[in-house]
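Architecture and fold: a report
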Amino acid sequence: MTAEVRTPRARYREQTRAEIKAAALEQLAEGGAQAVALTRIAKDMGLSGPALYRYFASRDELLGDLMRDAYDDLAHAIAHAGGTGATDARTRLHALADAYLDWATAQPHRYLLIQGTPVPGYAAPPDTLERARAALGPFLVVFAAGDPTEAFRPAVEEMAGWVREDDSLAAWVGEHTGRPSYDIRAGTALAGAVLAWSQLHGTVSLAVSGQYGGIGHRARTLLMAQADALADAFRLA
């Protein structure tokens, strides 16, 4: 396949967009999504307002790109952790939880952009759903081998029904697990992944926002306890 040849203009445009996003990330780290301002970025870069709008038509478009990048980076970090060579599901779940916490605490401004309080009046681009699912995908693989305890069977049955009703969801679950929509293990995988994401997200969010106060350094211990509880609930080896 022939490599795409980019013109000097295309390379300049790509470089400028990257510089704009880097400046926006600095503002994001300083004051959250509300602090991202195209006019300030233009001034700092020595561009006029109209010139900058040739690269991003609005602040919302810029935020959308930052969200896509953040989801892609998070998905890469989690996928890398899931492929580290551990053979047992419990150890892989620990690795996924660790990767989630490490990524979030290393760059809390980007984590809060995608998982924190929504920006008033802003709607994330529809394609961020697929990117969010990419980050969650490795959890499906772990829980597909699960055997849920009786207490969790209602959740599995509920998720199994959802998979059967939603073709795009079924395709995503099948892509990661190889299970067709009618297989109860598709529901098992989805139930485990959703429960894991929900519980781990709560702990990670509290750690990132400093809500643990003096015990913030204990977040990893709490996270591993949650992972173990879920592993027990789904009888992961």
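Residues numbered from 1 in each chain as written. Predicted model: local features only at pLDDT ≥ 70, side-chain atom pairs only at ≥ 80, totals over all residues. Heavy atoms only, no water.

Of the regular secondary structure elements, the chain holds eleven helices and zero strands. Dimensions of the chain, computed from C-alpha atoms along their principal axes, come out at roughly 65 × 50 × 35 Å. The proportion of buried residues among the 237 residues of the chain is 41%. Taking contacts inside the chain between residues at least 6 apart in sequence as the whole, the part at least 24 apart equals 75%. Accessible surface, the chain as shown: approximately 12,300 Å² in total, 54% of it carbon and sulfur. If you average the places of the 23 positive and of the 28 negative side-chain charges in the chain, the two averages end up 5 Å apart. (Helix = DSSP H or I, 4+ residues; strand = E, 2+ residues; numbered from the N terminus. Buried < 20%, exposed > 50% of the residue type's maximum accessible area, 1.4 Å probe, protein only. Contact = heavy atoms within 4.5 Å. Areas by Shrake-Rupley, 256 points an atom, 1.4 Å probe, with all protein chains shown as cover. Lys, Arg positive; Asp, Glu negative; His and termini not counted. Charge placed at Lys NZ, Arg CZ, Asp CG, Glu CD.)

Quick look at the confidence of the model for the chain now. The pLDDT averaged across the chain works out to 89; a share of 94% of its residues lies at or above 70. Between the elements of the chain, mean pLDDT differs from a low of 85, seen in helix α3 (residues 49–52), to a high of 97, seen in helix α8 (residues 153–165). (pLDDT = per-residue confidence, 0-100.)

On to the packing of aromatic side chains, then. A complete count under the given rule lists five aromatic pairs for this structure. Centroid distance F139 to W197: 5.8 Å. Interplanar angle 85 degrees. Geometry classified as edge-to-face. Of this pair, F139 sits in helix α7 (residues 128–143) while W197 sits in helix α10 (residues 184–208), placing them 58 residues apart in sequence. Among the residues examined, F139 registers a relative accessible area of 0% and is labelled buried. Given the relative accessible area of 15%, W197 is considered buried. Plain terms: the ring middles of F143 and F234 are 5.1 Å apart, the flat faces sit at 75 degrees to each other, and that makes the pair edge-to-face. Here the residue F143 occupies a position in helix α7, and F234 occupies one in the segment after α11 (219–233), the gap between them amounting to 91 residues. When sorted by exposure, F143 lands in the same class as F234, which is buried. An aromatic cluster is defined as three or more aromatic residues linked by ring pairs; in this entry it consists of Y100, Y111, F139 and W197. (Phe/Tyr/Trp six-rings, centres within 6.5 Å; stacked < 30°, edge-to-face > 60°.)

Remark: helix α1 (residues 8–31) packs on helix α4 (residues 59–82), axes separated minimally by 11 Å, with the N-to-C direction vectors making an angle of 85 degrees. Viewed along their axes, α1 and α4 adopt a mutual orientation that is roughly perpendicular. In this structure, α1 contributes R17, I20, K21, A24 and L25 to the contact, and α4 contributes E61, L62, D65, L66 and D69. Its residues assigned to classes, the contact of α1 with α4 comprises five nonpolar, no polar and five charged. (Axes fitted to C-alpha atoms, helices over the stretch in contact; angles between N-to-C directions. Parallel < 35°, antiparallel > 145°, perpendicular 65-115°, else oblique. Nonpolar A, V, L, I, M, F, W, Y, C, P; charged D, E, K, R; others polar.)

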